[in-house]
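The chain contents come next:
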Amino acid sequence: MKSETKNNAVVIRGLTYQYRINGSIVLKNIEFCIPKGEFTLVTGLSGCGKSTLCLCISGADELMNPDGILTGEVIINGKDIHKINAAERALEVGIVFQNMDTQLFSFTVEDEIAFAPENLCLPPEKIKERVDYLLNLLGIEYLRESHPHRLSGGEKSLVVLAAVLALDPPVVIMDEVMSQLDKKSKMRVIDVIRMLCDMGKTIIAVEHDIKAIESVHHIMVLQDGKLKSFRDLNGEDNTCHI
Ligand SMILES: Nc1ncnc2c1ncn2[C@@H]1O[C@H](COP(=O)(O)OP(=O)(O)O)[C@@H](O)[C@H]1O
Ligand SMILES: [Mg+2]
């Protein structure tokens, strides 16, 4: 067991979640910490609570499901994610939803990526620089003028990921982003994840194909809403003592 340090980007304490009052408990007393700059893969059978966990860590649970009942704490870089406002939250944590169609609403890919930084009133030349950089980083320059809703599933994932990275959040959550990607795009996303970790970002990704990703620091297994295990690639228990 690792002890909790100030270097943790993500600290989850006693997280329990129900979608509605008297509904079934979907997350059950989950506790873990993730140090800054590390990459955690989340896996487990369909329906075990992976997407719900992502939603709760991002703080988007309140927005997506106002009837939800969350107890426990989600601390991102020392801040309780449910006690800060949406703009502050967006600067701390970005999420690519499993159903990322709900995250696409612009008429061009370029506008989609520029949307969040524009909302935060970043200078136009900085935004342009960021859009160009991300289109190139994710290999989607050719989609710049395309309509986001007319893209393939894989292309949409890359566009949403670029839009999330446009705010440069220190914690990035990806819910099954790679499942729709072809081999080449998957390799690119894995390279991007590695680069983001080197830059000190903390990545949480839900994926099934864990063998494809060798640069991971922790593998979290969820089972029926409980944290079944949280280990490194050598099988050592990485659950922190909180
Ligand atoms: N919006 C919702 N309202 C009610 N129950 C939900 C909702 N979304 C998911 N669930 C339920 O929560 C449980 C966990 O779902 P989910 O987090 O999507 O699992 P996973 O991502 O591991 O497949 C499932 O039993 C699912 O039916
Ligand atoms: Mg899911």
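An account of the accompanying structure is given in this report.

Quick notes on the rules
- Residues numbered from 1 in each chain as written.
- Chains lettered and ligands numbered in written order.
- Predicted model: local features only at pLDDT ≥ 70, side-chain atom pairs only at ≥ 80, totals over all residues.
- Heavy atoms only, no water.
- Axes fitted to C-alpha atoms, helices over the stretch in contact; angles between N-to-C directions.
- Helix = DSSP H or I, 4+ residues; strand = E, 2+ residues; numbered from the N terminus.
- Parallel < 35°, antiparallel > 145°, perpendicular 65-115°, else oblique.
- Contact = heavy atoms within 4.5 Å.
- Nonpolar A, V, L, I, M, F, W, Y, C, P; charged D, E, K, R; others polar.
- Pairing = 2+ DSSP bridges.
- Buried < 20%, exposed > 50% of the residue type's maximum accessible area, 1.4 Å probe, protein only.
- Donors = N, O, S within 2.8 Å, 3.2 Å for Na, K, Ca; no water.
- Polar contact = N/O pair within 3.5 Å; in protein donor to acceptor, adjacent residues only side chain to side chain.
- Near = heavy atom within 4 Å.
- Areas by Shrake-Rupley, 256 points an atom, 1.4 Å probe, with all protein chains shown as cover.

## Side note on the packing of helix α5 (residues 124-137) against helix α7 (residues 183-198)
Two numbers describe a pair of packed helices, the interaxial angle and the distance between the axes.
At step 1: Their axes nearest at 11 Å, the elements α5 and α7 cross at an angle of 125°. One element, α5, and the other, α7, form an angle in the oblique class. Here α5 contributes Y133, N136 and L137 to the contact with α7, which in turn contributes R188, V192 and M195.
At step 2: For the contact of α5 with α7, a count of residues per class yields four nonpolar, one polar and one charged.

## Quick notes on the sheet that holds strand β9 (residues 202-206)
At step 1: In spatial order, the strands read β7-β8-β9-β4-β10-β11; together these six strands make up an open sheet with mixed pairing. The open sheet has two edge strands with one neighbour each: β7 (93-96) and β11 (226-231). Going across the sheet, the axis of each strand differs from the next one's by a mean of 15°, ignoring polarity.
At step 2: The pairing of strand β8 (residues 171-175) with β9 spans five bridges and is classified as parallel. For V172, the partnering residue across the bridge sits in β9 and is I203.
At step 3: Lying over the sheet, helix α6 (residues 153-165) contacts β7 and β8, oriented at roughly 170° with respect to β7.
At step 4: Packed on one face of the sheet, α7 meets β4 (39-43), β8 and β9 and runs near 150° to β9.

## Considering the pairing of β8
At step 1: When you tally the buried positions in β8, you get five out of five residues, the bulk of the element.
At step 2: By the alternation rule, side chains of β8 split into V171, I173 and D175 and V172 and M174, which are all buried.

## Notes on the coordination of the magnesium ion (ligand 2)
At step 1: Protein coordination at the magnesium ion (ligand 2): the donors are S51 (OG) and Q98 (OE1), at 2.1 Å from the metal. Separated by 47 residues along the polypeptide, S51 in helix α1 (residues 50-58) and Q98 in the loop between β7 and α4 (109-119) bring together distant segments of the chain.
At step 2: Residue Q98 is classed as partly exposed on the basis of its relative accessible area, which comes to 39%.

## Description of the environment of D168
At step 1: Tracing the chain through its elements places D168 in the loop between α6 and β8.
At step 2: Residue class for D168 comes out partly exposed when judged on its relative accessible area of 37%.
At step 3: The sequence separation of D168 and R130 amounts to 38 residues, and the corresponding C-alpha distance is 9.6 Å.
At step 4: D168 has contacts with R130 and K201, leaving out every residue within four places of it along the chain.
At step 5: A distance of 2.8 Å separates a polar atom in the side chain of D168 from a polar atom in the side chain of K201.

## Examining the site of ligand 1
At step 1: Taken together, Y19, R20, V26, L45, S46, G47, C48, G49, K50, S51 and T52 make up the full set of residues near ligand 1.
At step 2: Taking G47, its main chain carries an N or O atom lying 2.7 Å from an oxygen atom of ligand 1.
At step 3: Separating an oxygen atom of ligand 1 from a side-chain N or O atom of T52 is a distance of 2.5 Å.
At step 4: Relative to its free-state accessible area of 570 Å², ligand 1 is covered by the protein chains to the extent of 59%.
At step 5: Among the elements that make up the shell around ligand 1, the one with the highest residue count is α1 (three residues).
At step 6: A class-by-class count of the residues in the shell around ligand 1 yields four nonpolar, five polar and two charged.

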